[in-house]
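The chain contents come next:
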Amino acid sequence: HSLGGSYFMFLLLCSLSVAACREIMVRNEHFVSFVYFAGQHLRVCPQGNTCCTQEMEDTFGQQSKQDFENLVDEMSHELRSILTSRHKRFDEFFLELLENTERSLNEMFVRTYGKPYMQNSEVFENLFAELKRYYTGGNVNLEEMLNDFWSRLLERMFTLLNSQYVITEDYLECISKYTDQLKPFGDVPRKLKAQVTRAFIAARTFVQGLSVGKEVAQRVSKVSSTPACIRALTKLLYCPFCQGMPTVKPCKNYCLNVMKGCLANQADLDPEWNQYIDAMLLVAQRLEGPFNIESVMEPIDVKISEAIMNMQENSAQVTYRVFQGCGEPKPAGMTRSARGVSDVFNARFRPYSPDERPTTAAGTSLDRLVVDIKEKLKLSKKFWSNFPEAMCVEERVTAGNASDEECWNGHTKGRYFPEVQKDGLTNQMNNPEVGVDITRPDTFIRQQIMALRVMTNKLKNAYNGNDIYFQDSSDEGSGSGSGSGCTEVCPTDMDGAATEAPLVKADRSGPLDDSALLLAPSVALPTMLALSALAVHRQWR
């Protein structure tokens, strides 16, 4: 009677708590051996002598499903955590870099150029607003946006340098036609456009890549177990308890076959995942080298100032050629004319040397971030195909390779003989442990494969300096927007990659004659003399 009462409590505990049942079995293996009975009622575990009821087996099935899902979540936690934290770091870094650069330019230009800059600061504010909008996912064509910035700056500076004239909107529109022909800002716009476009394309795409990788890992880690998988997991993890062998762990190869069957669709993610990781590493190399957005943005105030100085120093030639092409505007009168020299941008920085690069003892901050993420990304290759092996490690689930004769083989304690299946859905046709329908791939996993494929394509384009959002679908060989249009790996030096707009002929006259520049209006001469006496206001950081 005492034995029957104890067994009743044992069954009750097992139906309520798998953990309590497991503890009773492990601690009282001798007691359990006295309560065997025929197991014809069992649907998963062997139907010989058993100490489990059908209710206990059902409870074990529910628990095995939960154990499996928890184990997948645990095994993928580090990968998901790395991608989430690094995405946050890079995103915060790039946004902070933009904010700091804009603040630095504004403070320096206020000190150096004073009122003329403050009256025209919205030109620069719009530039940074558009750069931020592009980085955060806005549909911005970087090349067109930068061209527009230089056009607006030319209009403002021409108006300031020629304030003795009435400059109308129609006249400004005419001036814009000569931007590429006159090159009023020297070679700065062309070089800066190439540097900014390739750096921003790489930065935005890399952060998007981290985000996509994070989301894919999070989604794939939420496994949905099939009934066949749950049966196999129950047999693997809990049937030893029903056979009175609670301390015997599954054989490793047995565990591998179960996991390869249950994770067949996840393993199919691996080829695309590996290509995605390789593409991320390529763009990371660009971020360290020629596409380093930090080394492009930090000296941008000096580069723009250099362009402004070029405009001032060549104002006489620029003014003459504009007057020749657009006609001479009407005089504004002496009141405005008197302000002509004092209202222009009247200071300059030391010219920026392309060889100079802001660094710390260990390189730029971006360099350190990239070195860290590269190490982590390399470790994540073959992550999904290695998942079953990681799940079936000794101490976690299996008995280990050293206990081939002392492990649970699905029927009893002994060696497991079936061959371990290869990875992926199509290789599970003859899986001896899990019934897998290889004709029905998991649509959810296929969606994640497609997301990785699209992201990999974007990363490859970014590596070549191309912005996929502005690719001309009618001509895949050349981009209609940012980038050089390379389809293979492009040269490292991309200063010449940016295309230039075709020349627009003058509305009101024929070809411009360079020899006539000697007859430029004398009104620009006082400006040139005043500018030549200005001192350097700022030393490069």
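All figures in this text were calculated on a predicted structure; none of them were measured in a lab. All residue numbers refer to position in the chain's written sequence, counted from 1. Reporting in this predicted model follows two pLDDT cut-offs: at least 70 for local features of residues, and 80 or more for side-chain atom pairs to be given and counted; totals over whole chains, interfaces and linings ignore these cut-offs and use all residues. Side-chain descriptors were evaluated using all non-hydrogen atoms of the structure, hydrogens and water having been removed beforehand.

Visitor: Pulling in residues and values, what's your account of unusual backbone geometry?
Guide: Positioned with a positive phi, Lys183 is a non-glycine residue whose angle comes to about 45°. Where helices and strands are cited, they refer to DSSP runs of H or I of at least four residues and of E of at least two residues respectively, numbered from the N terminus. Secondary-structure assignment places Lys183 in the loop between helix H9 (179–182) and helix H10 (188–220). The phi torsion at Lys382 lies on the positive side, around 60°, for a residue other than glycine. Tracing the chain through its elements places Lys382 in the loop between helix H20 (365–379) and helix H21 (387–391).

Visitor: An account of the side chain of Ser295 is needed here, citing residue identities and associated values.
Guide: Turning to its location among the elements, Ser295 is positioned in helix H16 (residues 293–297). The class of Ser295 is buried, set by a relative accessible area of 16%. Here a polar contact means two N or O atoms within 3.5 Å. Within protein one must be a hydrogen donor candidate and the other an acceptor candidate, and residues neighboring in sequence count only if both atoms are side-chain atoms. Separated by 2.9 Å, the side chain of Ser295 and the backbone oxygen of Asn292 make a polar contact. Here's how the labels work: a residue is buried when its accessible area is under 20% of the maximum for its type, exposed when over 50%, partly exposed in between, all with a 1.4 Å probe on protein chains only.

Visitor: With reference to specific residues and values, describe the pattern of salt bridges.
Guide: Here, a salt bridge means any Lys or Arg side-chain nitrogen found within 4 Å of an Asp or Glu carboxyl oxygen. Going through the model one piece at a time under the given rule, you end up with 23 salt bridges. Notably, a salt bridge pairs Lys252 with Glu389, separated by 2.7 Å at the nearest N-O pair. A residue pair is termed long-range when its members are at least 10 positions apart, and Lys252 in helix H13 (residues 252–262) and Glu389 in helix H21 qualify at 137 residues. On the basis of relative accessibility, which here comes to 18%, the residue Lys252 falls in the buried class. The partner of Lys374 in a salt bridge is Glu288, with the nearest N and O atoms 2.9 Å apart. Residue Lys374 is located in helix H20, and its partner Glu288 is located in helix H15 (residues 270–288); the two are separated by 86 residues in the primary sequence.

Visitor: I'd like to hear about the packing of helix H4 (residues 54–113) against H10, residue by residue, with values.
Guide: Angular values range over 0 to 180 degrees, each being the angle between N-to-C directions of two axes fitted as lines to C-alpha atoms, with helices fitted over their stretch in contact. Viewed as axis vectors pointing N to C, H4 and H10 meet at an angle of 155°, and their least axial separation amounts to 9 Å. Taken as axis vectors, H4 and H10 run roughly antiparallel relative to one another. Between H4 and H10 the crossing geometry is left-handed. Contacts between H4 and H10 pair Leu79, Arg80, Leu83, Thr84, Arg86, His87, Phe90, Asp91, Phe94 and Leu98 from the former with Phe200, Ala203, Phe206, Val207, Leu210, Ser211, Gly213, Lys214, Ala217 and Gln218 from the latter. Classification used: nonpolar for Ala, Val, Leu, Ile, Met, Phe, Trp, Tyr, Cys and Pro, charged for Asp, Glu, Lys and Arg, polar for all others including Gly. Residues that form the contact of H4 with H10 fall into these classes: 11 nonpolar, 5 polar and 4 charged. Angles are sorted into four bins: roughly parallel if under 35 degrees, roughly antiparallel if over 145, roughly perpendicular if 65 to 115, and oblique for all others. Crossing handedness follows the turn of the near helix against the far one: under a right angle anticlockwise gives a left-handed crossing, and clockwise gives a right-handed one. Any two residues whose heavy atoms approach within 4.5 Å at even a single point are treated as in contact.

Visitor: Describe the packing of H4 against H20, listing the residues and the values that go with them.
Guide: Look at H4 against H20: their axes get within 11 Å of each other, and the N-to-C directions meet at 160°. Taken together, the axis directions place H4 and H20 in an arrangement best described as roughly antiparallel. Classified by chirality, the crossing of H20 by H4 is left-handed. Here Ile82, Leu83, Arg86, Arg89, Phe90, Phe93 and Phe94 of H4 lie close against H20, whose contacting residues are Ser365, Leu366, Leu369, Val370, Asp372, Ile373, Lys376 and Leu377.

Without other data, these values stay purely geometric and don't point to any function.
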